[in-house]
Protein chains: 2
Amino acid sequence: MSIVYVIPLFGLIALLFTAIQSAWVTRQDAGNERMQDIAKHIAEGAMAFLKAEYKILTYFVIIAALLLGYMGYSHASSDWTIALAFVIGAVFSATAGFIGMKIATKANVRTAHAARTSLARALKVSFTGGSVMGMGVAGLAVLGLGSLFIILKAYFGAEANTAEMIKTIEVLTGFSLGAESIALFARVGGGIYTKAADVGADLVGKVEAGIPEDDPRNPATIADNVGDNVGDVAGMGADLFGSYVATVLATMVLGVETTSTDNFGGLAPVLLPMFIAGLGIILSIIGTFFVRISESSGLNTSAVQRALNMGNWGSIVLTAIVCYFTVNWILPESMTLRGHEFTRNGVFGAIIVGLVVGTLMSIITEYYTAMGKRPVKSIIRQSSTGHATNIIGGLAVGMESTMLPILVLAGGIYGSYALAGLYGVAIAAAGMMATTAMQLAIDAFGPIADNAGGIAEMSELPKDVREKTDILDAVGNTTAATGKGFAIASAALTALALFAAYVGVVKANGYDLEDAINIYKADVLAGLFVGAMIPFIFSSLAIRAVGEAAMSMVEEVRRQFRTIPGIMDGTGKPEYDKCVAISTEASIKKMMLPGAIALLSPILMGFIFGPEVLGGFLAGATVSGVLMGMFQNNAGGAWDNAKKSFEKGVEINGEIYYKKSEPHKASVTGDTVGDPFKDTSGPSMNILIKLMSIVSLVIAPTLAELHRNTPAVTDAQQEKVKEMVQKAETASKPTVKL
Amino acid sequence: MSIVYVIPLFGLIALLFTAIQSAWVTRQDAGNERMQDIAKHIAEGAMAFLKAEYKILTYFVIIAALLLGYMGYSHASSDWTIALAFVIGAVFSATAGFIGMKIATKANVRTAHAARTSLARALKVSFTGGSVMGMGVAGLAVLGLGSLFIILKAYFGAEANTAEMIKTIEVLTGFSLGAESIALFARVGGGIYTKAADVGADLVGKVEAGIPEDDPRNPATIADNVGDNVGDVAGMGADLFGSYVATVLATMVLGVETTSTDNFGGLAPVLLPMFIAGLGIILSIIGTFFVRISESSGLNTSAVQRALNMGNWGSIVLTAIVCYFTVNWILPESMTLRGHEFTRNGVFGAIIVGLVVGTLMSIITEYYTAMGKRPVKSIIRQSSTGHATNIIGGLAVGMESTMLPILVLAGGIYGSYALAGLYGVAIAAAGMMATTAMQLAIDAFGPIADNAGGIAEMSELPKDVREKTDILDAVGNTTAATGKGFAIASAALTALALFAAYVGVVKANGYDLEDAINIYKADVLAGLFVGAMIPFIFSSLAIRAVGEAAMSMVEEVRRQFRTIPGIMDGTGKPEYDKCVAISTEASIKKMMLPGAIALLSPILMGFIFGPEVLGGFLAGATVSGVLMGMFQNNAGGAWDNAKKSFEKGVEINGEIYYKKSEPHKASVTGDTVGDPFKDTSGPSMNILIKLMSIVSLVIAPTLAELHRNTPAVTDAQQEKVKEMVQKAETASKPTVKL
């Protein structure tokens, strides 16, 4: 059983690696005084935002912890320590965002300086910055989950298949709840911040005043660059931390329910996901060494893309191989979950299904958002007849882009379930998320490069520096889009696993709803409708917040252009801090309501209408959230690249159009609409659906306690019905035994 | 039992009324030669489209009928006559569209002429035209359903609670399938036609050439006016015919399953919905007499709105009163459906719930789309910072507008179920649809008035004529939006009833899935995902079709402006027929794929993955279709009225903006994007979800037969489980007894 102590070690190794890499980045040259001055402005703006955000979130965490503690204290099925786990999860998540922000605001200026030498150096600095964040986030997650599990297990004296073990996992859910709540606020707040600044800066600067992006004369330009750090870096860090924890936890909850005779006291199915996560970090570290290009490769976009792909594929292939041995070592020949028997080969098969689904997701997302492919080309063509047809084209692409991913996802659910039951669905997600560290490194390098470009522009470095950072930025845009495809797929699988776990926990606490979350029942259907509506209202609030904050930004920038003398010829200094303040205030204020809806709606549904209706609600929210996430992410990505295509010139009906042409202006409209889609509401969807599932899982024992006083049928009847349904399930769904 | 013969009589009365009113409209003066010439062009264009459309649909109907006939012939649970019922449904639906189109192309020019006299006369002519269509559609539906029921009942020798009665209803489902299939093609085809012409005409005419709407120099103007007739009239007629039939049928299917001891041989719950439909027509006819304004009321928009509201409310209140007596006369004290006992008072309560839900739906929809209210005003304000923020604003409004309707709908489902079980959900929809004839009259009068305005403009009638038709048109826009809110709500309830009916039919044919459409099962969830994706891909295809056809239209109009000498000074004649041909061809070609997806996807899901997965699929499609319908309809309506607000001038930050200002241009972009949303994809959603449910219902017996060879549990076990679950359901869901 001492194997469990190895898990936090993986986390510590990752954090050690993080520290070494971080020191390396800090040692790099930060360039001339002007560069350092601008970088300082950005870092201070980002820090000011995080401070303001974390201050508000502290109140939230305290209140939520008190409520959780009371719930745990007053209900036998839970424990007050869940409040503690919640706080630790929240603090870890905030730390993950902080680490990312800290390193990104160091790496940006150093990347800009490195780009004065060569593309290879710039890639090395920016990617190392990204990997500090990737390994930091993953390390914190594995360390936190692993050690908390050890401590709680000891505290409750829990062994496999005991009520104490169920309680251990129940309390551990608090850790995930803390992490995912902070993730939601960070993603939404950061997303509003970055897009308000971006849209505001573009609308007045690029469109009205006709000055280039990141021009130092634009008062919103510092806010725009701060936004990259607080939204795309800190927000994403918290997001992936939460996702990672949720996925591993979901598998652990189902693992606890699984009957297993193994060498780890029956805990093998619980330990496996943590082990895969830990090993995934090591394999990701190995993968980072593949990411390099030769000094002689010149200004070559595809070389950079290839290097990142090498790192990504390397980690994934290594994960597949290592999982084979790990599964065979840890798991017994066969296990049983809710009357469904499955084998360890089935579990390995499910992991492969997860990896394949993740890979297909990335490929499809890339197809729908990449330059030169049919979808983006169709938007370009539709830009020739104006703003409206560009928008119609983008919306059509976004809606269409849900088809293949959903079919792949449905196939993945069907396949992983056939291979290893519900545990298979969960472990597929865990497999997909195993290389989170690498994924995040690749994701985070994009905004660092983007920022480096901004700094190069603002410090008026030679044009070739910007060309190099632009190459990195372009690759970053593609990886950002595919990363989102990956995130939403894993979230869907995780949400399903959490949903199944919810059913299990409610059942374990004496209320059997296994036979009752029946979609054809009217109340469950009503819940399904309400749940499916949540992602719509959430998205509405998020994109409206961006629209309104952007309008304030536009008005402020217009005011500065009007009232500050000499601002356009560079003799007057713009008031950057005013714009930073607008973004900060708007994002903090506007993240509250969507966050509250996400947290409170499942609680209200559950306590007012009972566990079945909450089940319908969760299913509706998950399905609609996944679709809205894909729709918004891909439409936004496609619009963005349709606009970017004009930079090199595009051919429509035999004519070549460039920037500033009428079709290009139409494409800018699409890009601006796409901004909040792809960077605010779209990427929040995956957090939203997981958070609502986790909230339900946390309140499940209490809900069950409240409802079991009026059982639908007597215990004896229940036992009999259960038995029969289990028999029926086993008979009708033969496990594919490998 | 002879009471059943009364039902077709209601239909005949309606058709008689239709004939009288139609003759009245024809007798009105059609104005001067130029007006008649233009009207002839429009009528010919509309007829050409219907001919082309019906020709294609004939092939479809023949093939589908052969397949259905074979299925009915080869499976004991069905009968070959289902093919006949299908063909009759299709023919009736096509006739409904034809009647509407025929009267609308007569009423348009006569309304224009009447508007030369007074607003009151113009209202009378246009509304009478609308009511010809409303009564015609409702009359055909009641006549068709009623007489087919009588014939089939006699043919099978069916009595209540026998296998023959189940077969009777099963075959009757074919009628609904025929009606709803034609409805989908007509709605999508007509929707593509009208919006391609509208968007194309606006983009070049209004935006590029700067000539007013409906200017005779615009080559696309005839196509635009034809579009109003084929999309908003013929398409809507087929749509509401299909919806009406589906709703009544869904209640009948559940009625057959209901155990009832009554004075009608146990058939009271089957007869009730047909009776309510029949009485609803009479009450709607009475309601039409309320719709009039005094000759002295002047140019008064609110007087027209009040008159229509009077007619609408009059019919609804009368329906509520008459239903009370009808329910008490026909139904016994109490009935039982699937172990759930409910009373006739409960049934009446459910009807009231339906009427209240419908009313609230209209009010909420009006709030979100009307001028002067917060949502439209927010879009106007966001137009001041450009095209992009206008689009973001509209999308946010559309997404937000799903919240209240969904809560009302969920409440309605919950409430009607609590009052009278699943039968309650179905009868709530039937109550809501009882005044379809009136609803349709109000809906159809809008496009007639719109067309009248077009004819007035093209024949260069005095400006005050156009002012009068504009008032009618403006009111028509509001009623169109609220009509859509109504349609989607009734569709949701109908789809649920059909879904429940599907479960019942599968069960009745020996495969018990009652305990198995459990959302937490992985395969059902996979089905839920795939189903929820269908409305996205369907919408994508529909709006893309409009975008692409509009682009062809733009290119054609640009070509004519370039190559026809003297076109702009009125000496050269535009080639109207070229534009008509473009719209006709595009719409016929592009309606195929979405139609095929709607028809084939449930068949594929059912036969490949079985009845449970199909259940999940249907639930997903229904929920997502309802949300996408509301989102698109309301966003489109709000954009439209935001644009219209500029005509009278709007104040933004202290400045007044009019037409041709920059904010107005941004609002035109929103309106253009909203066009396919609110007139093509949005209103197709309600047909889509019902059609997929009906397809499933039709294949249900065959599916059950195929799957019952491998029963999950033995019959004895099944019986026992069923009994227990029924007991559990009855115990846990106490019926509210009034």
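Cut-offs used in this document
Residues numbered from 1 in each chain as written. Chains lettered and ligands numbered in written order. Predicted model: local features only at pLDDT ≥ 70, side-chain atom pairs only at ≥ 80, totals over all residues. Heavy atoms only, no water. Axes fitted to C-alpha atoms, helices over the stretch in contact; angles between N-to-C directions. Helix = DSSP H or I, 4+ residues; strand = E, 2+ residues; numbered from the N terminus. Parallel < 35°, antiparallel > 145°, perpendicular 65-115°, else oblique. Nonpolar A, V, L, I, M, F, W, Y, C, P; charged D, E, K, R; others polar. Core = buried A, V, L, I, M, F, W, Y, C linked by side-chain atoms within 4.5 Å. Buried < 20%, exposed > 50% of the residue type's maximum accessible area, 1.4 Å probe, protein only. Contact = heavy atoms within 4.5 Å. Buried area = accessible area lost by both parts, 1.4 Å probe. Salt bridge = Lys/Arg side-chain N within 4 Å of Asp/Glu carboxyl O. Least-squares fit on C-alpha atoms with pLDDT ≥ 70 in both. Polar contact = N/O pair within 3.5 Å; in protein donor to acceptor, adjacent residues only side chain to side chain.

1. Brief notes about the packing of helix 14 (residues 463-508) of chain B against helix 19 (residues 662-707) of chain B
Two quantities define a packed helix pair, namely the angle between the axes and the distance from one axis to the other. All names here are of chain B. Packing of helix 14 against helix 19 leaves a shortest axis separation of 9 Å and a crossing angle of 10°. Of the possible angle classes, the one that applies to helix 14 and helix 19 is roughly parallel. Taken together, the residues that form the contact of helix 14 with helix 19 break down as 19 nonpolar, four polar and four charged.

2. Comments concerning the nonpolar core
Membership of the largest hydrophobic core comes to 428 residues, with the highest contact counts inside it found for Phe149 of chain A together with Phe149 of chain B. Among residues more than four places away in sequence, those in contact with Phe149 of chain B are Val4, Met165, Thr168, Ile169, Leu172, Met252, Leu267, Val270, Leu271 and Met274 of chain B.

3. Here we look at the interface of chain B and chain A
At the interface, 92 residues of chain B touch 92 residues of chain A. Buried surface at the junction of chain B and chain A, summed over both partners, amounts to about 8,300 Å²; 78% is from carbon and sulfur atoms. Of all residues in chain B, the largest losses of buried area upon contact with chain A belong to Met399, Tyr520 and Phe529 of chain B, amounting jointly to 11% of the total for that side. Along the contact surface separating chain B from chain A lie four salt bridges. For Glu400 of chain B, the salt bridge identified is with Arg544 of chain A, shortest N-O distance 2.8 Å. Of all the secondary-structure elements, those providing two or more residues to the side of chain B that touches chain A are helix 10 (374-383), helix 11 (387-400), helix 12 (403-433), helix 14, helix 15 (522-563), helix 18 (611-645), helix 19 and helix 20 (715-732) of chain B.

4. Focus: the relation of the copies chain B and chain A
Superposing chain B onto chain A requires a rotation of 180° together with a translation of 0.0 Å along the rotation axis, leaving an RMSD of 0.0 Å. The two molecules are tied by a two-fold rotation axis, judged by turn and shift. Distance from the rotation axis, computed per C-alpha, reaches its smallest value in chain B at Asn518 of chain B: 2.2 Å.

5. Considerations on the environment of Ile42 of chain B
Residue and element names in this part refer to chain B. Locating Ile42 in the fold gives a position in helix 2 (residues 33-74). Residue classification places Ile42 among the buried positions, given a relative accessible area of 0%. On a C-alpha basis, the gap between Ile42 and Thr221 in space is 9.7 Å, while along the polypeptide they are 179 residues apart. Those residues in contact with Ile42, other than ones at most four positions away along the chain, are Asn108, Ile222, Asn225, Val226, Asn229, Asn451, Ile455 and Met458.

6. A word on the side chain of Gln632 of chain A
With respect to the helices and strands, the residue Gln632 of chain A is situated in helix 18 (residues 611-648). Residue Gln632 of chain A is classed as buried on the basis of its relative accessible area of 0%. A polar atom in the side chain of Gln632 of chain A sits 3.0 Å from the side chain of Ser539 of chain A. Among all residues touching Gln632 of chain A, those that are not within four sequence positions of it are Ser539, Ile543, Phe677, Lys678, Ser681, Gly682 and Met685 of chain A together with Met399 of chain B.

Function cannot be read off these values alone, since they describe shape.
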